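A closer look at the structure
If you want the building blocks of each chain, they are given just below.
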Amino acid sequence: MTTVIKAPGEKAAEGSGEAGPGGERGGKGSEGTVLNVFSHGFLAVWAILIVLPLIWLALGSFKTDAQIGGSALSWPANWNVDAFGRAWDKGIGDYFANTLIVMAFSVPLTMLLGSMAAYVLARYPFPGNRFIYYFFVSGAMFPVFLALVPLFFMVKRFDMLNTYQGLILVYVAYSMPFTVFFMHSFFRTLPTAVHEAAVIDGASDTRIFFQVMVPMAKPGLISVGIFNILGQWNQYILPSVLMQPQTGSDPERYLLTQGLIQLQQQQGYETDLPVLFAGVTIAMLPMLVVYLSFQRQIQAGLTSATLK
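Residues numbered from 1 in each chain as written. Predicted model: local features only at pLDDT ≥ 70, side-chain atom pairs only at ≥ 80, totals over all residues. Heavy atoms only, no water.

**Overview of the overall build of the chain**
- Regarding its fold elements, the chain presents 13 helices and 0 strands.
- Its helices and strands in sequence order give the chain the pattern α-α-α-α-α-α-α-α-α-α-α-α-α, from N to C terminus.
- By residue count, 34% of the 308 residues in the chain fall in the buried class.
- Carbon and sulfur atoms make up 67% of the accessible area of the chain, which amounts to about 18,800 Å² in all. (Helix = DSSP H or I, 4+ residues; strand = E, 2+ residues; numbered from the N terminus. Buried < 20%, exposed > 50% of the residue type's maximum accessible area, 1.4 Å probe, protein only. Areas by Shrake-Rupley, 256 points an atom, 1.4 Å probe, with all protein chains shown as cover.)

The structure is reproduced here in structure tokens:
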């Protein structure tokens, strides 16, 4: 090992080896700043492209046909709410109620069965565990369009076409792959010591799941529950195939997405665009309120698994 002895009063040479790493760090900092500016700018543009059409719809529901043909983002001359009443009378109220009825059963059933399956696959090793898990997850990679024809005949064979029961079961099956995938990863992050302590105390598997694991997995359950609500609320393909007039369905039993398409066809002939805008606004507001109300819980659920 070579020892370097400096003479008294001798100064360290400028631009020594420490400057290199410092300059490198400075370069990396500048690159990170440029990357942040680019990413934030891209997200700002994307947010504007998403928000402006929603503002246009909301403002158009308070306008007249003549005002809608003018400036897109202009304020209504008179804030008239008659369009909401006309849209509700044209069936939006019934479609809204039908959607709530279906989701009142499909979302809780999806969360119950999905979380139970994910818990067993995550915490109990047994032969075929990985095969069953990948079998569930593979459903998320299977396009729903390819399953429409066999799904239609399967539901018809069980005599569940044009029924809420058949649609609820299909919604549950449609949402299970993502629910199992998300909750499986979340349950694996929960501490094993808590489970072992509950077993030593003599708790049964059912009690451990509902009284110990489910409260600990609350952030994940809220996150995946919101995603299921959004996905099932905006679903159009499945109700159109399983609830259609060609198979004897009553249009009054349509869901909200089907009702909006029917309302669009009606207002296209009647040229009453404020009614159409009001119907879309009515369908949009509940999901907007739900997401804004649980925004922090969704972020906590998405990041908690990584932090743990």
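Now that the structure has been shown, we can carry on.
**Considering the nonpolar core**
- Ranked by size, the top nonpolar core spans 62 residues in total, and within it I92, V102, L167, M183, F187, L242 and L256 carry the most contacts.
- If you tally residues by element for this core, the top one is helix α3 (residues 82–123), at 15 residues.
- Beyond its immediate chain neighbours, meaning those up to four positions away, M183 contacts A118, A217, G220, L221 and V224. (Core = buried A, V, L, I, M, F, W, Y, C linked by side-chain atoms within 4.5 Å. Contact = heavy atoms within 4.5 Å.)

**Structural notes on the packing of aromatic side chains**
- Counted under the stated rule, the structure contains 16 aromatic pairs.
- Their ring planes at 70 degrees and their centres at 5.0 Å tell us that W56 and F277 sit as a pair that is edge-to-face. Pair noted here: W56 is in helix α1 (residues 19–60) and F277 is in helix α12 (residues 273–293), with a separation of 221 residues, a long-range link.
- Of the residues examined, F277 reaches a relative accessible area of 7% and is grouped as buried.
- Measuring from ring centre to ring centre gives 5.4 Å for F152 and F153, while their planes differ by 85 degrees; the resulting arrangement is edge-to-face.
- Judged by its relative accessible area of 16%, F152 is buried.
- Across the ring face of Y164, the terminal group of R253 is positioned such that the distance to the ring centre comes to 4.4 Å. (Phe/Tyr/Trp six-rings, centres within 6.5 Å; stacked < 30°, edge-to-face > 60°. Lys NZ or Arg CZ within 6 Å of the ring centre and 35° of its normal.)

**Quick look at the environment of P286**
- Within the secondary structure, P286 is located in helix α12.
- Since its relative accessible area comes to 21%, P286 is described here as partly exposed.
- Excluding residues within four positions of it along the chain, P286 makes contact with F96 and W233.

**Considering the packing of helix α6 (residues 164–189) against helix α9 (residues 218–233)**
- Close contact between α6 and α9 brings their axes to 10 Å; oriented N to C, the two are set at 155 degrees. In terms of axis orientation, α6 runs roughly antiparallel to α9. The crossing of α6 and α9 is right-handed. On α9, the residues touching Y171, S175, F178, T179, F182, M183 and F186 of α6 are P219, G220, L221, S223, V224, F227, N228 and Q232. (Axes fitted to C-alpha atoms, helices over the stretch in contact; angles between N-to-C directions. Parallel < 35°, antiparallel > 145°, perpendicular 65-115°, else oblique. Left-handed = near helix turned anticlockwise from the far one by under 90°.)

**Description of the confidence of the model for the chain**
- For the chain, mean pLDDT is 82; residues scoring 70 or higher make up 83% of the total.
- Here residues 1–24 is a poorly scored stretch, pLDDT under 50, and it has 1 contact once near neighbours within four places are set aside; other chains count. (pLDDT = per-residue confidence, 0-100.)

**So, a nonpolar patch on the surface**
- Taken together, the side chains of F42, L43, W46, I48, I50, V51, L52, L54, I55, W56 and L73 define a hydrophobic patch exposed on the protein surface, amounting to about 1,000 Å² of accessible area.
- Summarising the element assignment, I55 is placed in helix α1.
- With a relative accessible area of 35%, I55 lands in the partly exposed category. (Patch = residues over 30% accessible without salt bridge, like charges linked within 9 Å, V, L, I, M, F, W, Y side chains within 5 Å. Salt bridge = Lys/Arg side-chain N within 4 Å of Asp/Glu carboxyl O.)

**Considering the side chain of S106**
- Inspection of the secondary structure puts S106 in helix α3.
- We classify S106 as buried; its relative accessible area is 0%.
- Setting aside residues no more than four positions away along its own chain, S106 makes contact with I168, Y171, V172 and Q232.

**Details of the packing of α9 against α12**
- Closest axis-to-axis distance for the α9/α12 pair is 11 Å, and the angle between their directions is 170 degrees. Comparing the axis directions of α9 and α12 gives the class roughly antiparallel. Across the interface between the two elements, I226, I229, L230 and W233 of α9 pack against A283, P286, M287 and V290 of α12.
- Residue composition of the contact of α9 with α12, grouped by class: 8 nonpolar, no polar and no charged. (Nonpolar A, V, L, I, M, F, W, Y, C, P; charged D, E, K, R; others polar.)

**Points about the environment of L121**
- The residue L121 is located in helix α3 in this model.
- Taking relative accessible area as the criterion, L121 reaches 5% and is therefore assigned buried.
- Distance from L121 to I132, taken between C-alpha atoms, is 8.0 Å for residues 11 residues apart in sequence.
- When residues no more than four places from it in sequence are discounted, the contact partners of L121 are F126, N129, I132, Y133, F136, V180 and H184.

**Looking at unusual backbone geometry**
- Although it is not a glycine, D159 sits at a positive phi angle of roughly 60 degrees.
- Structurally, D159 can be placed in the loop between α5 (148–157) and α6.
- With a phi angle near 60 degrees, N162 is a residue other than glycine that sits in the positive phi range.
- Relative to the helices and strands, N162 is located in the loop between α5 and α6.

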